[in-house]
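One-letter residues, chain by chain:
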Amino acid sequence: MVASAQSHDMLQTAAAAADAKGGEDLVALDVSQPLPLVDIFLLVTGRSERNVAAIADEIEDKLLEAGHKRLRREGREESRWILIDFGDLVVHVFHEQERVYYGLERLWKDCPVVPITLPARATAEE
């Protein structure tokens, strides 16, 4: 299986939301082959618990506005690793230390990376 067009659209929405709130090191993995119920994992790093929560909230808000249904969310209380499950897309927003410790990229290293296109940012010269 290959990630669907809808999954790719959801990914771009989520990635733009994460980027807008300062999300770093965005990586998307096509996990449709080993996981029949999920197409893409989006991994994002935040610099603090507050930043992790803000990133996750923005992603959730933008995907809900786009008409996607959230199936579950975990980890909001501690804001060290927040998982948001939108069915075809599962978003993992990590604090830097948790991202390194759990190493999801290492666990899913056989899965292809999905390209992410982020909106252009305005520069100070413009």
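Model, not experiment: these values are computed from the prediction. (Residues numbered from 1 in each chain as written. Predicted model: local features only at pLDDT ≥ 70, side-chain atom pairs only at ≥ 80, totals over all residues. Heavy atoms only, no water.)

(A) Seen up close, the packing of aromatic side chains. Considering all chains together, one arrives at four aromatic pairs under this definition. Consider the rings of Phe 41 and Trp 108, whose centres lie 5.4 Å apart with planes at 85°: the pair is edge-to-face. Of this pair, Phe 41 sits in strand β2 (residues 40-46) while Trp 108 sits in the loop between α4 (104-107) and β6 (113-114); the two residues are 67 residues apart in sequence, bridging distant segments of the chain. Classification of Phe 41 as buried rests on a relative accessible area of 9%. Centre to centre, the rings of Tyr 101 and Tyr 102 are 4.9 Å apart; their planes meet at 90°, and the pair counts as edge-to-face. Of the aromatic side chains, those joined through ring pairs into one cluster are Trp 81, Phe 94, Tyr 101 and Tyr 102. (Phe/Tyr/Trp six-rings, centres within 6.5 Å; stacked < 30°, edge-to-face > 60°. Helix = DSSP H or I, 4+ residues; strand = E, 2+ residues; numbered from the N terminus. Buried < 20%, exposed > 50% of the residue type's maximum accessible area, 1.4 Å probe, protein only.)

(B) Examining the sheet that holds β2 more closely. Read from one edge of the open sheet, six strands run β3-β4-β5-β2-β1-β6, paired in mixed fashion. The strands lining the two open edges of the sheet, one partner per strand, are β3 (72-74) and β6. Here five bridges tie strand β4 (residues 81-85) to strand β5 (residues 89-95), and the two strands are oriented antiparallel to one another. Its bridge partner being in β5, Ile 82 is matched across the sheet by Val 93. On top of the sheet, helix α1 (residues 5-20) reaches β1 (24-30), β2, β5 and β6; it is set at about 5° to β2, its chief contact. Each of β2, β3, β4 and β5 is contacted by helix α2 (residues 49-65), which is oriented at about 165° to β5, the strand it contacts most. (Pairing = 2+ DSSP bridges. Contact = heavy atoms within 4.5 Å. Axes fitted to C-alpha atoms, helices over the stretch in contact; angles between N-to-C directions.)

(C) Seen up close, the nonpolar core. Leu 42, Ile 59, Leu 89 and Val 91 are the most contacted members of the largest nonpolar core, which has 24 residues in total. Counting residues per element, this core draws most heavily on α1, which supplies six residues. Excluding residues within four positions of it along the chain, Leu 42 makes contact with Leu 11, Ala 14, Ala 15, Leu 26, Val 27, Ala 28, Leu 89, Val 90, Val 91, His 92 and Ile 116. Counting 11 residues, the second-largest nonpolar core is a separate cluster that includes Val 27, Leu 43, Val 90 and Phe 94. (Core = buried A, V, L, I, M, F, W, Y, C linked by side-chain atoms within 4.5 Å.)

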